[in-house]
Amino acid sequence: ARALAATDDARARGMVVARVEDWEDERAVGARRTRGAFGAREGKGEVETRIARDAALERGATTAGAGKDEWALAIELMRERAKGGVSAYAPFVESLYEHTPARAVETSRAARARLEGHAAAETLREYERDAEDGWRAARRTFETFPSIFSVHEFTRAAFEEALAIVRANSFEARSEDGTRARALVPMAHLLLHDTGSEVPCVKIVDGVFVINVDEHEEGDELSCSHGDYSDAETFARFGVSAFYSAEKNARNKIKFAFPSEIYSMKSLDRCGSVENIAFTDAGATEEFMCALRLASANETEWAAISKSKASVRALRKKPLSEESEIAVYEALFATLTELLNSYPSSDNEDERLLQSRTLQSAPDEERAVTIRLREKRLALSSLNAVQYAGRQQLGGLLFDKHFADVLPSPVNVRQTNG
């Protein structure tokens, strides 16, 4: 009720250029999204509406120890749904379950199989492991507050359903001072995630949630950025109920995992977040280069740099020694070459499969093949970029001496439309 009142107030002040419509999202694989937001008139990316903080659903005191915000918010959503009509959020909660249901973001087993042998498959498994960890955290919360959470209503299936809704419909909003809050925000949950958007759907301004959308024409489905998600993460969160831009997604990367003993022994975490140790279109990230240089350091080099955080951070851009840098590029080339050779299909095979239109009746499989093709193209682009960087760093003569016989010629990597 509070959410509806906030929306009506915004309309009265002429701030809403969206219209909410009941519809059927033909992209969905399972149950369909049956409500969306569309442009009532042309928009240049202005503020759509403002929603009071108390109209949105955020984590509460009972879920303070539940761990991740998304886990806690899933528990809050389950709790409000169990209250039924007496919940202050009842209309909004029922809309989440009825009009943007968990099954609307499901992907089929066949689609997930299309990603096997690719880094994207591991991303999907990370989300599955996160759901398992979230359920364990939820059980601890239920055991802590047995009078609030009934074992009959708060089951694993109910938690996983709520978590899927939270992943696809909640936002991590940021305020002017940099603080963040994850919330389910009325109206905003109807907006489509666009992998190419730089417009965050929700911000916190002057203590209220402010909803923004991308530039659009009258009648367009409204979109914005739900978060900084790669194509694989978008697939895990939204299935095909998202807009995958034809432009390159700057968040796409192929993460690299060092053996745990090396990671801890060499304190590679000092190079930056493990999430950023990866290959991108532009080659190896600075964090990855730092970690490789640190891992390849001999005893003398290690003694000289290990006690200074600044010295370690400098390895993002500065090599340790000529010998060390050769070892770093040997590792990069070996890793990328092995990766490209390990893919179960080639980029040409993927492209022909997409052009054949045989997957038109299976949109999630078609999307999975597009994601894996983009991954291969990213790996090729990364190999080209690493070759160029190695030649610049080591000099042409030294680079050719060590790598001319083992590397292919740089290739022209075509862009894959989404």
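If you're wondering where the values come from, they're calculated on a predicted model, not measured in any experiment. (Residues numbered from 1 in each chain as written. Predicted model: local features only at pLDDT ≥ 70, side-chain atom pairs only at ≥ 80, totals over all residues. Heavy atoms only, no water.)

**Observations regarding the packing of helix H5 (residues 119-144) against helix H6 (residues 156-169)**
Spelled out, the test is: For helices, the fitted axis covers only the stretch in contact; all axes are lines through C-alpha atoms, and the angles between them, taken along N-to-C directions, range from 0 to 180 degrees. By the criteria applied, helices consist of DSSP H or I runs no shorter than four residues and strands consist of E runs no shorter than two, each listed in order from the N terminus. Any angle from 65 to 115 degrees is called roughly perpendicular, while one under 35 is roughly parallel, one over 145 is roughly antiparallel, and all others are oblique. Crossing handedness is read from the near helix: turned anticlockwise from the far helix by less than a right angle, it gives a left-handed crossing, and turned clockwise, a right-handed one. The contact criterion used is simple: two residues touch if any of their non-hydrogen atoms lie within 4.5 Å. Here the nonpolar group is Ala, Val, Leu, Ile, Met, Phe, Trp, Tyr, Cys and Pro; Asp, Glu, Lys and Arg are the charged ones; every other residue, Gly included, is treated as polar.
Across the interface, H5 lies against H6 with an axial gap of 10 Å and an inter-helix angle of 125 degrees. When the interaxial angle is binned, H5 and H6 end up oblique. Relative to H6, the crossing made by H5 is right-handed. Packed against H5, whose contacting residues are Tyr127, Asp130, Ala131, Glu132, Gly134, Trp135 and Ala138, the element H6 presents Arg156, Phe159, Leu163 and Arg167 at the interface. Per-class residue counts for the contact of H5 with H6 are six nonpolar, one polar and four charged.

**Structural notes on the pattern of salt bridges**
Note the threshold: A pair is scored as a salt bridge if a Lys or Arg side-chain nitrogen falls within 4 Å of a carboxyl oxygen belonging to Asp or Glu.
Scanning the model with the defined rule gives 32 salt bridges in all. As a salt-bridge pair, glutamate 122 and arginine 129 come within 2.4 Å of each other at their nearest N and O atoms. Lysine 248 is the partner of aspartate 281 in a salt bridge, and the nearest nitrogen-oxygen pair spans 3.9 Å. Highlighted residues: aspartate 281 in the loop between strand S11 (278-280) and strand S12 (283-284) and lysine 248 in the loop between helix H7 (231-238) and strand S10 (254-255), separated in sequence by 33 residues. Each of Glu116, Glu122, Arg125 and Arg129 takes part in salt bridges that share partners, so that together they form one network.

**Comments concerning the packing of aromatic side chains**
Here is the rule: For Phe, Tyr and Trp, rings pair up if their centres lie within 6.5 Å, where Trp contributes its six-membered ring, and each pair is then called stacked (planes under 30 degrees apart), edge-to-face (over 60) or tilted (otherwise). For a Lys NZ or an Arg CZ to count as sitting over a ring, it must be within 6 Å of the ring centre and within 35 degrees of the ring normal.
Within the structure shown, the criterion is met by twelve aromatic pairs. Their ring planes at 25 degrees and their centres at 5.1 Å tell us that phenylalanine 256 and phenylalanine 288 sit as a pair that is stacked. With phenylalanine 256 in the loop between S10 and helix H8 (260-265) and phenylalanine 288 in helix H9 (residues 286-295), this pair connects stretches of sequence that are 32 residues apart. Members of the aromatic cluster, each reached through a chain of ring pairs, are Trp135, Phe142, Phe154 and Phe159. The ring of tyrosine 343 carries lysine 376 above its face, with NZ or CZ at 5.1 Å from the centroid.

**Some details on the nonpolar core**
Counted only if it meets this: For our purposes a nonpolar core is just a set of buried Ala, Val, Leu, Ile, Met, Phe, Trp, Tyr and Cys residues, chained together by side-chain atoms within 4.5 Å. Residue exposure (1.4 Å probe, protein chains only): buried if accessible area is under 20% of the type maximum, exposed if over 50%, otherwise partly exposed.
Among the nonpolar cores identified, the biggest contains 48 residues, and Leu77, Leu115, Phe142, Phe159, Leu184 and Phe235 are the most heavily contacted of them. Contributions of two or more residues to this core are made by helix H2 (69-83), helix H3 (90-99), H5, H6, H7 and helix H14 (363-394). Looking at this core, the element that brings in the most residues is H5, giving nine residues. The next biggest cluster of nonpolar side chains, apart from the first, holds 33 residues, and it includes Ile277, Leu294, Ile326 and Ala379.

**Some points on the sheet that holds S10**
This is how the line gets drawn: Only strands joined by at least two bridges in the DSSP assignment are considered to pair.
Taken together, three strands build an open sheet; the order of strands is S10-S11-S12 and the sheet is antiparallel. A strand with exactly one partner marks an edge of an open sheet, and here the two such strands are S10 and S12.

**Here we look at the pairing of strand S7 (residues 202-205)**
In regular strands, side chains alternate between the two faces of the sheet. Across the two faces of S7 the burial differs, with Val202 and Ile204 buried and Lys203 and Val205 not buried at all. Across two bridges, the pairing between strand S4 (residues 170-175) and S7 is parallel. Its bridge partner lying in S7, serine 175 is registered against isoleucine 204. Of the pairings in the sheet, the one linking S7 to strand S8 (residues 208-212) comprises four bridges and is antiparallel in character. For valine 205, the partnering residue across the bridge sits in S8 and is valine 208. The loop that links S7 with its antiparallel partner S8 comprises two residues; one of these, aspartate 206, has a positive phi angle of about 55 degrees.

**Examining the pairing of S4**
Note: S4 against strand S5 (residues 180-184), five bridges, orientation antiparallel. Within S5, the position partnered with alanine 173 by the bridge is alanine 181. Taking the residues that link successive antiparallel strands as the turn, the S4-S5 hairpin has four residues, and the phi of glycine 178 there is positive, at about 95 degrees.

**Some thoughts on the state of the cysteines**
Put simply, the test is: Pairs of cysteine sulfur atoms within 2.5 Å are what we label disulfides.
This structure, assessed with the given rule, holds two disulfides. Disulfide pairing places cysteine 201 opposite cysteine 224 at an S-S distance of 1.9 Å. Handedness of the cysteine 201-cysteine 224 disulfide follows from its S-S torsion of about 95 degrees: it is right-handed. With a gap of 23 residues between them, cysteine 201 in the loop between strand S6 (192-193) and S7 and cysteine 224 in strand S9 (residues 223-224) connect regions that are remote in the sequence. The exposure class of cysteine 224 is buried, given its relative accessible area of 0%. Numbered by position along the chain, the disulfide-linked cysteines of the protein chain connect as 1-2, 3-4.

**Re unusual backbone geometry**
With a phi angle near 75 degrees, methionine 187 is a residue other than glycine that sits in the positive phi range. One can find methionine 187 in the loop between S5 and S6. Among the residues examined, methionine 187 registers a relative accessible area of 14% and is labelled buried. Its identity as a non-glycine residue notwithstanding, aspartate 206 has a phi of 55 degrees, on the positive side. Tracing the chain through its elements places aspartate 206 in the loop between S7 and S8.

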